[in-house]
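Reading the structure
Single-letter residue listing:
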Amino acid sequence: MSFPFAIDLITALWLGFTGACIGSFLNVVAYRMPRGMSVVWKPSHCPQCSHPIRAYDNVPVLGWLWLQGRCRDCGQPISPRYAIVEFLMGLTFFLLAYLELFSGGANLPGGPITEFTGAVQNVWYPQWALIAWYGCHCLLLSFLASLVLLSIDSQPKSPWRWLLAILWLTAFLAIPFWKQATSWLAL
Ligand SMILES: [Zn+2]
């Protein structure tokens, strides 16, 4: 494994892990907001037995896997939805790192916006404009994902959830190929 390849992979995995943690937070938001609970002040707990979730079980995706989808205290099943949301958000941050951040912004209209490529040149010697684009897009996708989760939970029959889900998917698919998409539209 070459050095730049390894640094890219480690950086993307780290960003992916950050995404999974944000996914975990979105799960908390989607669960608590409709119930009028505080999003930040109460530690995570099992919805069945209210026992607090131990710090070492509260790892995105992996926690659910090594608990085999069950609460350590009461043994009640924990919905795989939590792990799926965490995994998808992690995957989003991971893929976008390669397609946007490490490519020098090759996906952006008028891009690439810097001649530098790879994690070392773009992240560890920060190209702030590019990092800002990446951050904005991650935030946008996270925000849309939270709207999708909230609309699924609070209005299970609302047609909005489909619209929001399609919007999220469109943004997810469009951002990595934004440059190509805008050039097609200009034709
Ligand atoms: Zn429990």
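This section reports on the structure supplied with the text. (Residues numbered from 1 in each chain as written. Predicted model: local features only at pLDDT ≥ 70, side-chain atom pairs only at ≥ 80, totals over all residues.)

1. Comments concerning the overall build of the protein
- A tally of regular secondary structure across the protein gives seven helices and zero strands.
- Ordering the α and β elements of the protein from the N terminus gives α-α-α-α-α-α-α.
- Across its three principal axes, the protein shows a C-alpha extent of roughly 55 × 40 × 25 Å.
- Taking all 187 residues of the protein together, the buried fraction comes to 27%. (Helix = DSSP H or I, 4+ residues; strand = E, 2+ residues; numbered from the N terminus. Buried ≥ 20, exposed ≤ 12 C-beta atoms within 10 Å, placed from the backbone.)

2. A word on the packing of helix H1 (residues 3-32) against helix H5 (residues 128-154)
- Interhelical geometry of H1 versus H5 gives an angle of 30 degrees and a closest axis separation of 9 Å. As judged from the angle between their axes, H1 and H5 are roughly parallel. Where H1 crosses over H5, the two elements pack in a sense that is right-handed. Residues Gly19, Ile22, Leu26, Val29 and Ala30 of H1 touch H5, and the partners they reach there are Cys138, Ser142, Ala145, Ser146, Leu149, Leu150 and Asp153.
- Taken together, the residues of the contact of H1 with H5 break down into eight nonpolar, three polar and one charged. (Axes fitted to C-alpha atoms, helices over the stretch in contact; angles between N-to-C directions. Parallel < 35°, antiparallel > 145°, perpendicular 65-115°, else oblique. Left-handed = near helix turned anticlockwise from the far one by under 90°. Contact = placed C-beta atoms within 7 Å. Nonpolar A, V, L, I, M, F, W, Y, C, P; charged D, E, K, R; others polar.)

3. Considering the packing of H1 against helix H3 (residues 80-101)
- Orientation of H1 relative to H3, taken along the N-to-C sense of each, is 145 degrees, at an axis distance of 7 Å. The hand of the H1/H3 crossing is right-handed.
- For the contact of H1 with H3, the per-class residue count stands at 17 nonpolar, nine polar and one charged.

4. A look at the nonpolar core
- Core analysis: the biggest nonpolar cluster contains 32 residues, and Leu26, Met89, Phe93, Ala97 and Ala145 have the highest contact counts within it.
- At the level of elements, H1, H3, helix H4 (118-124), H5 and helix H6 (160-174) are the ones that each hand at least two residues to this core.
- No other element matches the nine residues that H3 contributes to this core. (Core = buried A, V, L, I, M, F, W, Y, C linked by C-beta atoms within 7 Å.)

None of the figures reported here should be taken as evidence of function without further support.
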